[in-house]
Amino acid sequence: MRCLIQVSLILAAVPFSAVDAQTRQPTPIVQSDLTVESATVRPLTIRDASRNSRWLGLGVRDVRWAPDGSVVYFRWNERPGSNDLPDADPWYRTDRDGAWVERVPELDILDIPSATVAWSVDGKRATWTSDGAVFLYDGTETRRVVALDGNAQRARFVDDGSTIHFEIGEALYSYAIDAGTLSLLAVRVEPDRDDATEAGAWLAEQQRELFDHVRTQDALREQGEALRLVRAHGPQAIPVPRGRTVDNIRVSPDGKFLTFRARTRAQQRPSTQYIDYVDVSG
């Protein structure tokens, strides 16, 4: 969608009547009026085979309903070309009876939901993330409620649908709809202790098993950290060693626990070797 917005800014210099004067068309819509009888028959060439298939014509894609069920959105290009940027293909919409279709005006593109939409339990509100921001449909209108630095993902409702949880990077955020307030619930941190190696982990575990003092100090430190977070109303720390990434952070229904996924990337990942026969230098 970001690419589509950039293209619209470039086209803004074109006269209004040439760009935005859209009229509804009856369905179905077609890309060509050619028929088997009128088309020129010619064999495919090596150039044809080396290009992508856009020159053959495009079907619709990214089909999704409007939150209120009034229209169906989809992406399509009436005159596709092999050099086109697919993300710049225009958005279209059609009514639920399929009687007409029109190109979506630029100002209405932000109302188009993402492919993944989360609904409240009562089905009255919907939320999704698009272009890094969090959007909310409240039953009457769609608006962008959160736009921070970073790419917001996995927006969903919690409780009775009055709160939205979403993730940015390795942190979990909460947005209270009625109050319009944003808070950080949990964030990934690296533990102070360096148990990265097997020997270090084994030694640390041996010390905890053999010495009461070590176990007592560990327990006091954990209690002190928990108390500090409670008093400071700070985010819950998710201690994960270096080299792992955290995502899919979820809060339990009673709000007392967190679950998350920690992934370790493969250390030995051979890169794909290929030859670029034609580069900038020729």
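Here we summarise the structure given alongside this text. These figures come from a predicted structure and were not determined experimentally.

### Overview of the sheet that holds strand 5 (residues 100-103)
Pairing between sheet strands relies on hydrogen bonds along the backbone, with the strands arranged either parallel or antiparallel.
Then step 1. With antiparallel pairing, the 5 strands of this open sheet are ordered in space as 1-5-4-3-2. The open sheet has two edge strands with one neighbour each: strand 1 (25-26) and strand 2 (61-65).
Then step 2. Direction of pairing for strand 3 (residues 71-75) relative to strand 4 (residues 91-95): antiparallel, over a ladder of 5 bridges. The residue of strand 4 that forms the bridge with Phe 74 is Tyr 92.

### Points about the sheet that holds strand 13 (residues 181-189)
Then step 1. The strand order across the open sheet formed by 5 strands is 10-11-12-13-14, and the pairing between neighbours is mixed. The sheet terminates laterally at strand 10 (152-158) and strand 14 (236-239), the two strands that pair on one side only. Looking at each pair of strands side by side, their axes are set apart by 20 degrees on average, direction ignored.
Then step 2. Pairing of strand 11 (residues 163-168) with strand 12 (residues 171-176) involves 6 bridges; the strand directions are antiparallel. Residue pairing for strand 12: Glu 167 is matched across the bridge by Leu 172.

### Brief notes about the pattern of salt bridges
Then step 1. According to the stated counting rule, one finds 16 salt bridges in the structure shown.
Then step 2. The residue Arg 24 makes a salt bridge to Glu 102 at a minimum N-O spacing of 3.4 Å. In this pair, Arg 24 sits in the loop between helix 2 (16-19) and strand 1 while Glu 102 sits in strand 5, placing the two residues 78 residues apart along the sequence.
Then step 3. Salt-bridge contacts for Arg 54 lead to Asp 89; the nearest nitrogen and oxygen are separated by 2.9 Å. Here Asp 89 lies in the loop between strand 3 and strand 4 and Arg 54 lies in the loop between helix 3 (46-50) and strand 2, a separation of 35 residues in the sequence. Neither Arg 54 nor Asp 89 differs from the other in exposure class; each is buried.

### Points about the packing of aromatic side chains
Then step 1. With the rule as written, the count across this model stands at 5 aromatic pairs.
Then step 2. The interplanar angle of 75 degrees and the centroid separation of 6.5 Å between the aromatic rings of Trp 119 and Tyr 137 together place this pair among those described as edge-to-face. Remark: Tyr 137 occurs in strand 8 (residues 133-137) and Trp 119 occurs in strand 6 (residues 118-119); sequence separation between them is 18 residues.
Then step 3. Taking the relative accessible area as the measure of exposure, Trp 119 reaches 41% and is therefore partly exposed.
Then step 4. Taking relative accessible area as the criterion, Tyr 137 reaches 8% and is therefore assigned buried.
Then step 5. Ring centres of Trp 128 and Phe 135 lie 6.3 Å apart, and the angle between their planes is 5 degrees; this geometry places the pair in the stacked category.

How each quantity is defined
Residues numbered from 1 in each chain as written. Predicted model: local features only at pLDDT ≥ 70, side-chain atom pairs only at ≥ 80, totals over all residues. Heavy atoms only, no water. Pairing = 2+ DSSP bridges. Helix = DSSP H or I, 4+ residues; strand = E, 2+ residues; numbered from the N terminus. Axes fitted to C-alpha atoms, helices over the stretch in contact; angles between N-to-C directions. Salt bridge = Lys/Arg side-chain N within 4 Å of Asp/Glu carboxyl O. Buried < 20%, exposed > 50% of the residue type's maximum accessible area, 1.4 Å probe, protein only. Phe/Tyr/Trp six-rings, centres within 6.5 Å; stacked < 30°, edge-to-face > 60°.

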